[in-house]
Amino acid sequence: MIGAGGHGRVVADIAAALGYAEIVFIDRRWPEQTSNHIWPVISQDVAQALAPETDTVVAIGQCRTRLALLRDLQARRASIATLIHPAAVVSPHAIIGLGSVVMPEAVINVGARLGAGCIANTACSIDHDCQIADGVHVSPGAHLAGGVTVGEASWVGIGSAVIEGMTLGRDVMVAAGAVVTTALADGVTVYGVPARPMAEKGQ
Ligand SMILES: CC(C)(COP(=O)(O)OP(=O)(O)OC[C@H]1O[C@@H](n2cnc3c(N)ncnc32)[C@H](O)[C@@H]1OP(=O)(O)O)[C@@H](O)C(=O)NCCC(=O)NCCS
């Protein structure tokens, strides 16, 4: 498990629920000896700490960082796990990309496609035919209606919604609770109902 923070511990619980008996974190920013972490943490760079033939998951919330590390692991030919919690509902006709994590109560419907290194967080819904690029995070309780397209490394915030057929660019940030009713260009942050650019708020 790469990344020993709160998100990493949630992902570790999912790995345990799926039957992984031994879970070890790698986090070079973590102190070597730690008493308040449930699982052992190796405080080293990924390159030094990776064990051969061991399933690995990048469990870092920040989308670009997660995606960059995943691609680095792929280049190293590491064994990368894709974790789908048993309490998630995933259509047999949906595709979940390598290294993605699908959390409890998430629903992913027919024809949806999640890229690599995505997070479908707790109780989110990704409806029919959505096309979700690599490194996207759909936060807890966020809802994507049918046929939504989301670009690489975008973050759909907690409790937000995107109406059907919308296209969101890459590196978009949808604020918590926003309702997206228009297409969004690369790199914008939007908030509110209906969602509008944060820049218009004087940010
Ligand atoms: C949009 C967001 C990224 C902005 O963060 P930020 O740039 O640090 O913004 P700030 O907290 O400084 O707030 C700036 C202003 O926007 C407002 N604001 C922040 N988030 C907002 C939101 N979701 N909806 C409406 N207004 C919001 C603040 O109240 C503040 O308003 P003010 O200038 O009138 O005081 C952040 O608030 C957010 O929504 N993050 C999503 C969190 C999430 O989904 N977490 C899930 C983890 S699994």
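See above for the structure.
The text that follows walks through the structure, step by step, so that each part is easy to find.

Cut-off values and rules
Residues numbered from 1 in each chain as written. Predicted model: local features only at pLDDT ≥ 70, side-chain atom pairs only at ≥ 80, totals over all residues. Heavy atoms only, no water. Core = buried A, V, L, I, M, F, W, Y, C linked by side-chain atoms within 4.5 Å. Buried < 20%, exposed > 50% of the residue type's maximum accessible area, 1.4 Å probe, protein only. Contact = heavy atoms within 4.5 Å. Phe/Tyr/Trp six-rings, centres within 6.5 Å; stacked < 30°, edge-to-face > 60°. Helix = DSSP H or I, 4+ residues; strand = E, 2+ residues; numbered from the N terminus. Near = heavy atom within 4 Å. Polar contact = N/O pair within 3.5 Å; in protein donor to acceptor, adjacent residues only side chain to side chain. Areas by Shrake-Rupley, 256 points an atom, 1.4 Å probe, with all protein chains shown as cover. Salt bridge = Lys/Arg side-chain N within 4 Å of Asp/Glu carboxyl O. Expected span 1.5 Å × (residues − 1). Arc of directions from axis to C-beta.

1. Quick notes on the nonpolar core
- Counting residues in each nonpolar core, the largest one holds 31 residues, and the members touching the most others are Ile 108, Ile 126, Ile 132, Leu 144, Leu 168 and Val 174.
- Dropping the residues within four chain positions of it, Ile 108 is found in contact with Val 89, Val 90, Ser 91, Ala 94, Ile 96, Val 102, Leu 114, Ala 120 and Ile 126.
- Counting residues in hydrophobic clusters, the runner-up holds 17 residues, among them Met 1, Val 11, Ala 12 and Val 41.

2. Some thoughts on the packing of aromatic side chains
- Per the stated rule, a full pass over the model turns up one aromatic pair.
- Arranged with centres 5.9 Å apart and planes meeting at 45°, the rings of Phe 25 and Trp 39 form a pair that is tilted. Linking Phe 25 in strand β1 (residues 25–26) with Trp 39 in the loop between β1 and β2 (41–42), this pair joins segments that are 14 residues apart in sequence.
- Owing to a relative accessible area of 0%, Phe 25 belongs among the buried residues under this scheme.

3. Details of the environment of Gly 151
- Tracing the backbone through its elements, the reader meets Gly 151 in the loop between β14 (149–150) and β15 (155–156).
- Separated by 36 residues in sequence, Gly 151 and Gly 187 place their C-alpha atoms 9.8 Å apart.
- When near neighbours in sequence (up to four residues on either side) are disregarded, Gly 151 contacts Ala 133, Val 136, Leu 168, Gly 169 and Arg 170.

4. Overview of the site of the ligand
- Around the ligand sit 14 residues, and of these Gly 157, Ile 158, Ala 176, Met 198 and Lys 201 come closest.
- Interatomic distance of 2.7 Å between a backbone N/O atom of Ile 158 and an oxygen atom of the ligand.
- Between the ligand and the protein, one listed contact pairs a nitrogen atom with a backbone N or O atom of Ala 176 at 2.8 Å.
- Computed on the free molecule, the ligand has an accessible area of 910 Å², of which 45% lies beneath the protein chains in the complex.

5. Remarks on unusual backbone geometry
- Cis geometry marks the peptide bond from Val 193 to Pro 194, where omega comes out at -10°.
- Turning to its location among the elements, Pro 194 is positioned in the loop between β20 (189–191) and β21 (196–197).
- Phi is positive for Glu 53, which is not a glycine, with a value near 55°.
- Its identity as a non-glycine residue notwithstanding, Glu 105 has a phi of 70°, on the positive side.
- Residue placement: Glu 105 occurs in the loop between β6 (101–102) and β7 (107–108).
- Residue classification places Glu 105 among the exposed residues on the basis of a relative accessible area of 53%.

6. Overview of the pattern of salt bridges
- In total, this model carries seven salt bridges according to the counting rule given.
- Note that Asp 72 is salt-bridged to Arg 76, the shortest N-O span being 2.9 Å.
- Overall, the relative accessible area of 28% leaves Asp 72 in the partly exposed class.
- Given a relative accessible area of 42%, Arg 76 falls into the partly exposed group.
- Because the salt bridges share partners, they merge into one network encompassing Arg 64, Arg 71, Asp 134, Glu 152, Arg 170 and Asp 171.

7. Digging into the environment of Gly 135
- Structurally, the position occupied by Gly 135 is in the loop between β11 (131–132) and β12 (137–138).
- Of the residues examined, Gly 135 reaches a relative accessible area of 0% and is grouped as buried.
- Discounting chain neighbours no more than four positions away, the residues touching Gly 135 are Cys 63, Arg 66, Leu 67, Ala 116, Gly 117, Cys 118, Ala 153 and Ser 154.

8. Regarding helix α1 (residues 6–17)
- In this model, α1 (twelve residues) spans 17 Å end to end at C-alpha, consistent with the 16 Å of a helix rising 1.5 Å per residue.
- Taken residue by residue, α1 has His 7, Gly 8, Val 11, Ala 12, Ile 14 and Ala 15 as its buried positions. Along the axis of α1, the buried residues cluster in a sector spanning 160°; they form a single face.
- Tucked into the core, α1 has its buried residues touching β1, β3 (83–84), β6 and β9 (119–120).
- A positive phi of about 105° marks Gly 19, the residue just after α1.

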